[in-house]
Amino acid sequence: LEAELEAELEARLRQYKYYRDALLAFKDQNVRWVTMAEVGEFLRGRRFTKADYVEDGVGCIHYGEIYTHYGISANEVISQVRPEMKATLRFAKPGDVVITDVGETVEDVGKAVAWIGTEEVAIHDHCYAFRHSMNPKFVSYCMQTTSFNAEKAKYVARTKVNTLLIDGFSKIRIPVPPLDEQERIVAILDKFDVLVNDLSSGLPAEIKARRQQYAHYRDRLLSFREAA
């Protein structure tokens, strides 16, 4: 059953990527395409380290968490830094898209998460806040498409650590349909995203539950009483 679920998840992932790319291509539609620099601005974060983390402080997003924890969007942070650092930090505002500028692979560089929390959040100096007036999740979805990633690859410096060249990156074009159309597309893609990525309700949650069930019964079956 687990193998069937994993095959189903793989098929759904392919389907999700196909429809995401198709929805955001706007072929044969009269949609304006503009560079990211034309619809927003990039603001770089300020450095902090894990030594600055505290349990109760200033909410922050570390660039490494964008690879490992966050998906298309986030409304809560998992880390906080010392309150006395606040004056030295830079912040993403609600509606900004937070973008990494380094990564182990070209695909990782420029990974984005839409910040939809209610308060500002500090961002690391290996991040940029993209500030704009569009639907933030729409922008984040656009930045996951195959075509966007192909353009993005042109502006990554392939040195020891892959680094995003923001001056070039800002020249990548994205579609700008009316806001109600942006919201309609986000609603469609959100349903797919939950199905293929959500650990609490989608297929990944079902696979996790089956693995736990298997481990439980395996352990019970292999627990033998010692012979008298």
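Our subject is the structure that appears above.
The model shown is predicted, which means the values in this text are computed figures rather than measured ones.

Let's shift gears to the overall build of the chain. Counting secondary structure elements, the chain contains 8 helices and 14 strands. The proportion of buried residues among the 228 residues of the chain is 44%. When contacts within the chain are restricted to residue pairs at least 6 apart in sequence, long-range pairs at least 24 apart make up 76% of them. Accessible area of the chain: about 13300 Å², with a carbon and sulfur share of 50%.

With that settled, consider the side chain of Asp 52. Assignment of secondary structure puts Asp 52 in the loop between β2 (40-44) and β3 (53-61). Its relative accessible area of 12% is what places Asp 52 among the buried residues. Separated by 2.9 Å, the side chains of Asp 52 and Arg 82 make a polar contact.

Here we come to the environment of Asp 56. Position of Asp 56 relative to the elements: it lies in strand β3. Between the alpha carbons of Asp 56 and Val 81 there is a distance of 7.7 Å; along the sequence they are 25 residues apart.

With respect to topology, 4 strands assemble into an open sheet ordered β5-β3-β10-β6, the strand pairing being mixed. Each having just a single partner strand, β5 (79-81) and β6 (91-92) make up the two edges of the open sheet. Where β3 meets β5, 4 bridges bridge the pair, whose relative direction is antiparallel. From the neighbouring strand, Tyr 53 faces β5, where its bridge partner is Val 81.

So, on to the environment of Arg 32. One can find Arg 32 in strand β1 (residues 32-35). For the pair Arg 32 and Arg 173, spaced 141 residues apart in sequence, the C-alpha to C-alpha distance is 9.7 Å. When residues no more than four places from it in sequence are discounted, the contact partners of Arg 32 are Ile 174, Pro 175 and Val 176.

Quick look at the pattern of salt bridges now. Opposite charge on two side chains makes pairing possible when the charged atoms of those side chains draw close. Going through the model one piece at a time under the given rule, you end up with 8 salt bridges. Between Asp 190 and Lys 137 there is a salt bridge, with the nearest N and O atoms lying 2.7 Å from each other. Taken together, the residues span a long stretch of sequence, with Asp 190 in helix α7 (residues 179-197) and Lys 137 in helix α4 (residues 136-142) at a distance of 53 residues. A relative accessible area of 21% places Asp 190 in the partly exposed class. When its relative accessible area of 17% is taken as the criterion, Lys 137 is described as buried. In this structure, Glu 181 and Arg 184 form a salt bridge, with 2.9 Å as the shortest nitrogen-oxygen distance. Residue Glu 181 and its partner Arg 184 are both found in helix α7; the two are separated by 3 residues, about one turn of the helix. Overall, the relative accessible area of 19% leaves Glu 181 in the buried class. Classification of Arg 184 by relative accessible area gives partly exposed; the value is 41%.

All chains considered together, the criterion is met by 9 aromatic pairs. Aromatic pair Phe 42 and Phe 130: ring centres 4.9 Å apart, planes at 35 degrees, arrangement tilted. Note that Phe 42 is positioned in strand β2 and Phe 130 in strand β11 (residues 127-132), a separation of 88 residues in sequence. For the pair Phe 42 and Phe 130, one class covers both residues: buried. Consider the rings of Tyr 63 and Tyr 67, whose centres lie 6.1 Å apart with planes at 85 degrees: the pair is edge-to-face. Pair noted here: Tyr 63 and Tyr 67 are both in helix α3 (residues 63-68), with a separation of 4 residues, about one helical turn. For Tyr 63, a relative accessible area of 23% translates into the label partly exposed. Feature note: the residues Phe 42, Tyr 128, Phe 130, Phe 148 and Phe 169 constitute an aromatic cluster, connected by ring pairs.

The rules behind the values
- Position labels on residues start from 1 in each chain and follow its written sequence.
- Residue-level local features of this predicted model are given only where pLDDT is at least 70; pairs of side-chain atoms are given and counted only at 80 or more, and the full residue set underlies all totals for whole chains, interfaces and linings.
- Side-chain calculation: all heavy atoms of the structure are included, whereas hydrogens and water are not.
- Here a helix means four or more residues in a row that DSSP labels H or I, a strand means two or more in a row labelled E, and each is numbered from the N terminus.
- Between buried and exposed lies partly exposed: a residue is buried under 20% and exposed over 50% of the maximum accessible area for its type, with that area taken using a 1.4 Å probe on protein chains only.
- In this analysis, two residues are considered to be in contact whenever any of their non-hydrogen atoms come within 4.5 Å of each other.
- Computed by Shrake-Rupley with a 1.4 Å probe, the accessible areas treat only the displayed protein chains as cover when residues are assessed.
- Here a polar contact is taken to be a pair of N or O atoms separated by no more than 3.5 Å, where protein atoms must pair a possible hydrogen donor with a possible acceptor and residues adjacent in sequence count only if both atoms sit in side chains.
- A pair of strands is labelled paired if DSSP reports no fewer than 2 bridges between them.
- Salt bridge, as used here: a side-chain nitrogen of Lys or Arg that lies within 4 Å of a carboxyl oxygen of Asp or Glu.
- Two rings from Phe, Tyr or Trp (for Trp, the six-membered ring) form a pair when their centres sit within 6.5 Å of each other. Planes less than 30 degrees apart are called stacked, planes more than 60 degrees apart edge-to-face, and all others tilted.

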